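Structure at a glance
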Amino acid sequence: MNLLISSLLCVHLLAAAFWVGGMATMHFAVRPAAVAVLEPPLRLPFMAAALGRFLGWVGGAIVLLLLTGFAMVAMAGGFARVHWSVHAMLALGLVMMAMYGHIRFAGFPKLARFVASRDWPAAGKALATIRMLVAINLALGVLVFVIAVVGRVM
């Protein structure tokens, strides 16, 4: 049983680290580097391609987070038996997933359409909106990690 719980927790943490770390990489490294070296006709298609790949992988990470998280809660005896920090992490995670859904199914298709039509000003605005939402989601993701560590001792 301990090996199963440890395995679930490991997959859960790897999925969360991928999602949050990927947002940090895109926000603090990839986009600023693209802005520094690429003009909009090159930068915006590059960012749309990179974001499209990342969003696909995040979808898989979300599935793993939900499966492993709910499995661990079930093994602990249900939500009535888990620490308050688990409830807080789930609530923040659901907000993050909703934001991801908005980016993936509203913001990204809009960006892709503007890139396909070579409407660089509109594509830039769409990417700026996505960037703002990613920044919020990144902050929420960091908060989830803080709760996971600090919440255990409170």
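You'll find the structure just up there.
Computed from a prediction, not measured in an experiment: that's the story for all the values here.

Once that is clear, we can look at the side chain of Thr68. Topologically, Thr68 is positioned in helix H2 (residues 40–75). The buried category is assigned to Thr68, whose relative accessible area is 5%. At 2.7 Å, the side chain of Thr68 and the side chain of His12 are in polar contact. Apart from residues no more than four positions distant in its own chain, Thr68 is found in contact with Leu8, Val11 and His12.

Helix H4 (residues 120–150) packs onto H2 with a crossing angle of 40° between their chain directions and a minimal axis gap of 10 Å. Between H2 and H4, the crossing angle belongs to the class labelled oblique. H4 is crossed by H2, and the crossing has left-handed handedness. In this structure, H2 contributes Pro40, Pro41, Leu44, Pro45, Met47 and Leu51 to the contact, and H4 contributes Trp120, Ala123, Gly124, Leu127 and Ile130. Looking at side-chain class alone, the contact of H2 with H4 contains 10 nonpolar, 1 polar and no charged residues.

Put simply, the largest pocket is a space of about 1,000 Å³. In this structure, the largest pocket is lined by 33 residues; those nearest its centre are Leu9, His12, Met72, Val86 and Met89. With 8 residues, helix H1 (residues 2–37) is the single largest residue contributor to the lining of the largest pocket. Each residue belonging to the lining of the largest pocket can be placed in one class, and the counts come to 24 nonpolar, 7 polar and 2 charged.

Procedures and definitions
- Here the residue numbers are simple positions, counted from 1 along each chain's written sequence.
- The model is predicted, so local features are restricted to residues of pLDDT at least 70 and side-chain atom pairs to those at 80 or more, both for listing and for counting; the totals for chains, interfaces and linings are taken over all residues.
- Hydrogens are left out, water is left out, and the side-chain values use all remaining heavy atoms of the structure.
- Helical segments are the DSSP runs of H or I of at least four residues, strand segments are the runs of E of at least two, and each set is numbered from the N terminus.
- Throughout this description, buried means an accessible area under 20% of the type-specific maximum (1.4 Å probe, protein chains only), exposed means over 50%, and partly exposed covers the range between.
- In protein, a polar contact requires one atom able to donate a hydrogen and another able to accept it; more generally it is a pair of N or O atoms within 3.5 Å, and residues adjacent in sequence count only if both atoms are side-chain atoms.
- Throughout, a residue-residue contact means that at least one pair of heavy atoms, one from each residue, lies within 4.5 Å.
- Only the stretch in contact is used when fitting a helix axis, every axis being a line fitted to C-alpha atoms; angles between N-to-C directions are given from 0 to 180 degrees.
- Orientation is classified from the angle alone, with under 35 degrees giving roughly parallel, over 145 giving roughly antiparallel, 65 to 115 giving roughly perpendicular, and any other angle giving oblique.
- Crossing handedness is read from the near helix: turned anticlockwise from the far helix by less than a right angle, it gives a left-handed crossing, and turned clockwise, a right-handed one.
- Following the grouping adopted for this structure description, the nonpolar residues are Ala, Val, Leu, Ile, Met, Phe, Trp, Tyr, Cys and Pro, the charged ones are Asp, Glu, Lys and Arg, and the polar ones are all others, Gly among them.
- Put plainly, a pocket is an open set of points on a 1 Å grid over the protein atoms alone with protein on both sides within 12 Å along at least five of seven lines, a cavity is a set where a 1.4 Å probe fits but cannot get out, and a lining residue has an atom within 4 Å of a point.
- Grid points are joined across faces, edges and corners, and a volume is the space filled by probe spheres set on the points.

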